[in-house]
Amino acid sequence: MKHLCSPLTVFFCFLLCSCLAATQTQPAASQQLTIENIFAEGGITGRAPTNIEWSPDGKRVSFVQRDASGEHGALWYVDAATGKKTILVAEDKLATLAPPASKIKSEREKTWIERYHVAAYHWAPDSKHLLFDSMSQLWYYSLDSGTAVQITTAPQATGDPKFSPDGQRISYIRDHNIYVRPLEAGAGEKEITEDANPKIKKHEVNAGTETEDLLNGEVDWVYAEELDVRSNYFWEPNGKHIAFLQMNEENVPTYPLADLLDVQASVEKEKYPKPGDSNPVVRLGVVGSDGGRIKWISLGKDQDTYIPRFGWVGDGWLWVQVLNRAQDKLALYFVDAASGKSRRVLEETNPKWIDVSDDFQVLKSGDRFLWSSWRTGFTHLYLYSFNKSNPLAADAHLERQLENGEHEVTGVDGVDDAGGWVYFTANKDDARDRQLYRVKLDGSGLSRISQEAGTHAADFAADAKHYVDHFSSLHTPPVMSFCTVGGNCSQFWASNDLKDYHIVAPKFVDFKADDGTVLYGILWLPENAATATPGSVPLILNPYGGPHAQDVSNEWRGSAGLFNQILLRHGFAVLTVDNRGMGARGEKFAAANFRHFGDTELKDQLAALDQALQQYPVFDRNRLGWWGWSYGGYFTLYAMTHSDRFQAGVSVAPVTNWLLYDSIYTERYQGLPKDNAENYRTSSPVNTAANLHGHLLEAHGTGDDNVHFQNTVQMAQELINAGKQFDLMIYPGKTHGISGAAASTHLFHMIENHFVKYLSNQSH
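My aim in this report is to walk through the structure given alongside it, one point at a time.

What counts, and where the lines are drawn
- Residues numbered from 1 in each chain as written.
- Predicted model: local features only at pLDDT ≥ 70, side-chain atom pairs only at ≥ 80, totals over all residues.
- Heavy atoms only, no water.
- Helix = DSSP H or I, 4+ residues; strand = E, 2+ residues; numbered from the N terminus.
- Polar contact = N/O pair within 3.5 Å; in protein donor to acceptor, adjacent residues only side chain to side chain.
- Contact = heavy atoms within 4.5 Å.
- Pairing = 2+ DSSP bridges.
- Buried < 20%, exposed > 50% of the residue type's maximum accessible area, 1.4 Å probe, protein only.
- Disulfide = S-S within 2.5 Å.
- Salt bridge = Lys/Arg side-chain N within 4 Å of Asp/Glu carboxyl O.
- Axes fitted to C-alpha atoms, helices over the stretch in contact; angles between N-to-C directions.
- Parallel < 35°, antiparallel > 145°, perpendicular 65-115°, else oblique.
- Nonpolar A, V, L, I, M, F, W, Y, C, P; charged D, E, K, R; others polar.
- Phe/Tyr/Trp six-rings, centres within 6.5 Å; stacked < 30°, edge-to-face > 60°.
- Lys NZ or Arg CZ within 6 Å of the ring centre and 35° of its normal.

## So, the side chain of Glu-107
Stage number 1. Summarising the element assignment, Glu-107 is placed in helix 3 (residues 107-115).
Stage number 2. A polar side-chain atom of Glu-107 sits 3.2 Å from a polar atom in the side chain of Lys-734.
Stage number 3. Sequence-distant contacts of Glu-107, defined by excluding residues within four places in its chain, comprise Gly-733, Lys-734, Thr-735 and Ser-739.

## Comments concerning the pairing of strand 1 (residues 50-54)
Stage number 1. As paired strands, strand 1 and strand 2 (residues 60-66) are joined by three bridges and run antiparallel to one another. Residue pairing across strands places Thr-50 opposite Val-64, the latter belonging to strand 2.
Stage number 2. Joining the antiparallel neighbours strand 1 and strand 2 is a turn of five residues, in which Gly-58 adopts a positive phi near 75°.

## Considerations on the environment of Leu-692
Stage number 1. Secondary-structure assignment places Leu-692 in the loop between helix 10 (677-683) and strand 44 (695-701).
Stage number 2. Owing to a relative accessible area of 5%, Leu-692 belongs among the buried residues under this scheme.

## A short note on the state of the cysteines
Stage number 1. In total, this model carries one disulfide according to the counting rule given.
Stage number 2. What pairs with Cys-483 in a disulfide is Cys-489, and their sulfur atoms sit 2.1 Å apart. Torsion about the S-S bond of the Cys-483 and Cys-489 cystine: about 115°, corresponding to right-handed handedness.

## Observations concerning the pattern of salt bridges
Stage number 1. Going through the model one piece at a time under the given rule, you end up with 28 salt bridges.
Stage number 2. Residue Asp-515 pairs with Arg-580 through a salt bridge whose shortest N-O separation is 3.1 Å. Of the two residues, Asp-515 sits in the loop between strand 38 (507-512) and strand 39 (518-524) while Arg-580 sits in the loop between strand 41 (573-577) and helix 6 (587-590), which places them 65 residues apart along the sequence.
Stage number 3. On the basis of relative accessible area, Asp-515 is assigned to the partly exposed category, the value being 42%.
Stage number 4. Here Lys-674 makes a salt bridge to Asp-675, at a shortest N to O gap of 3.3 Å. Both residues of the pair, Lys-674 and Asp-675, belong to the exposed class.
Stage number 5. What emerges from the salt-bridge pattern is a single network uniting Asp-514, Asp-515, Arg-580, Lys-603 and Asp-604.

## A few points about the environment of Tyr-141
Stage number 1. Among the secondary structure elements, Tyr-141 is positioned in strand 7 (residues 137-142).
Stage number 2. Note on Tyr-141: relative accessible area 4%, which makes it buried.
Stage number 3. Between the C-alpha atoms of Tyr-141 and Val-362, which are 221 residues apart in sequence, the distance is 31 Å.
Stage number 4. With residues near it in sequence (within four places) discarded, Tyr-141 still touches Leu-88, Val-89, Lys-93, Leu-97, Lys-128, His-129, Leu-130, Phe-132, Gly-146, Thr-147 and Ala-148.

## Structural notes on the sheet that holds strand 31 (residues 421-426)
Stage number 1. Ordered by their spatial adjacency, four strands build an open sheet running 30-31-32-33, and the pairing between neighbours is antiparallel. If you trace the sheet from one side to the other, it starts and ends with strand 30 (409-416) and strand 33 (447-448), each paired once.
Stage number 2. In this sheet, strand 33 lies alongside strand 32 (residues 435-440) in antiparallel orientation, the contact comprising two bridges. Residue pairing in the sheet places Arg-438 in a bridge with Ser-447 of strand 33.

## Observations concerning the packing of helix 7 (residues 599-615) against helix 8 (residues 631-642)
Stage number 1. Running from amino to carboxyl end, helix 7 crosses helix 8 at an angle of 75°, the nearest separation of the two axes being 10 Å. Considering their axes alone, helix 7 and helix 8 lie roughly perpendicular with respect to each other. Across from Asp-599, Glu-601, Leu-602 and Gln-605 in helix 7, the residues of helix 8 making contact are Tyr-631, Phe-635, Tyr-638, Ala-639 and His-642.
Stage number 2. When its residues are assigned to classes, the contact of helix 7 with helix 8 shows five nonpolar, two polar and two charged.

## Topic: the packing of aromatic side chains
Stage number 1. Tallied over the full model, the rule gives 44 aromatic pairs.
Stage number 2. Arranged with centres 4.6 Å apart and planes meeting at 75°, the rings of Trp-112 and Tyr-116 form a pair that is edge-to-face.
Stage number 3. Exposure remark for Trp-112: the relative accessible area of 31% places this residue in the partly exposed category.
Stage number 4. For Tyr-116, a relative accessible area of 5% puts it in the buried group.
Stage number 5. Taken together, the ring pairs in this structure connect Trp-353, Trp-374, Tyr-544, Phe-594, Phe-597, Tyr-631, Tyr-634, Tyr-638, Trp-658, Tyr-661, Tyr-665 and Tyr-669 into an aromatic cluster.
Stage number 6. When the ring centre of Tyr-77 is taken as reference, the NZ or CZ atom of Arg-60 above it lies at 5.1 Å.

In structure tokens form, the structure reads like this:
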């Protein structure tokens, strides 16, 4: 993952606040906003469609739509020709083929599926069949007959299923190996990577369980979280071979995740490299889709590297991206799959770091590809050409930069090869917006497609003729529309109408850092702030603060933003500011905290705070709060141990010692501990616990496999050693998001009560 909070959403990393007069009168509303209904299943705005997938022929876009409880739903589709919304698979069948998340017993497995958007179904190449992944067993469903056949029955779980290019076979991962089986009745499966690990080394973990060190085609935790890898094997276009990544985790340290809720406690060991530890050793292999000898690909002498992306250029030819451990050099290789010979055709370097993306795309012409780069200080798109008949003959040739300016391209969404158009999302017109644009492959015709100010995200059909537009803004809850390129958009899902709730609109505010950089913010003000006595309104800061993320954007704030409404009722003002060191503003802005976390970020937050106090005399400078989640939780601890200005703070799931977080994320920004030991020490709040000021509440899930509970245990020990009083709340078995109605409701009541207790008028 690129930021510590959750993969596409930064669900809980917003500023939340509380307190003025608890007895102040609120205007009448027909619906009462409460923490209970904000965090109930489905939420206030309603349960949005999930698993949006286009049929390969581009004629239908499908999605799962469930009710508020999440227990009942159907698979729907929108017809591209008519725009009509129709049921594709009815509820009674979907209950078996794609059961609701509530059926999953493991909290960690449920989190994995939701966090990494694991697909519940896949379209067959003929667009007439579907493959469902139901509780790790596979079902083949015919749209014509409406019948399903169970494909796998083994007790072991299957994962990452795929159709062969001709749709006659399927592949999947089981027991850390790749299996292939024909779809014809009575056909058996074949384990095609069994020769890759003839002697798998196993370690005993707990009674009856064991972990295996070699993963063939499977994605481990750190690659999924920090490099956004979603699959590690791919079919050759002609179906003859499969390219896969083997991950050797023998020397990767393990972290124990203890389950203490059963009578007999159990431990699951997670492979988790920390800064300076051994990472998974990876190598690329090619194997026949019917099995046989594996061809291993040589990609240089350095074995301490990452292979974050790879795939097929065409039949017989592979492309591979190799990232060095320092993450400041990304090389693109072309590979002859038959001989194993390779050539580095492009190398990207940056003195800070390089973010891996999914922007690389080989065009259908087979002799050009798209590439994104930070080389100008902002992320832009570039067109390269290469020798189609022999990709190893020469380096890739830069044809042109497709667009430019002081904005960030945030992703390539679709390519219309026939029309010569590239569709992409960027914040070109406002750094806080995300808009859809297109540009010709010759660099001409740059134009904006989406219109409404706010945040747009697009799911394109393969031919780039139609797309689904996901839209929201600061004041508009999410809506989804079916769109035709060059035509109209028709809405097929919208959030619940909130007009019956009393929602106080937040507003954008601007501040300046000490070097003149504009810092964007969002401010929630209680309704009586305009007439309140100067110095009577407590203010709570709620920054995320960390790399890559952007909190201050023109999009709906979700449950966290609705929780701010609860805090406004107590008379609190809430302020979220994006400091330097965060994302979406170019390299200079993002790299301001390079090699040291905390100090630049805090300096910017305090500068914004001072300007807010000056611009809004109603704020009480003696009743200031701070809270955050994940990196925001870390930032809370850093602020409360490096400043005496905050009377109360809440830190949820924080990193407390940067030696405890994972290697890929931490080394990207901090380097190796041996090269930056002092900044690792001074960036970590465990080393400044004796300087804690204000009333601290720290909360953490004991099953957090991202930011381990170990962080909070170590912080607690240092606070105890320093004689510092603090409050601590644990959530048994919960992972990083502390999800679920009961846990979320409990936690947010604790946050509310903490600020009411220490910042409200009644507490003084």
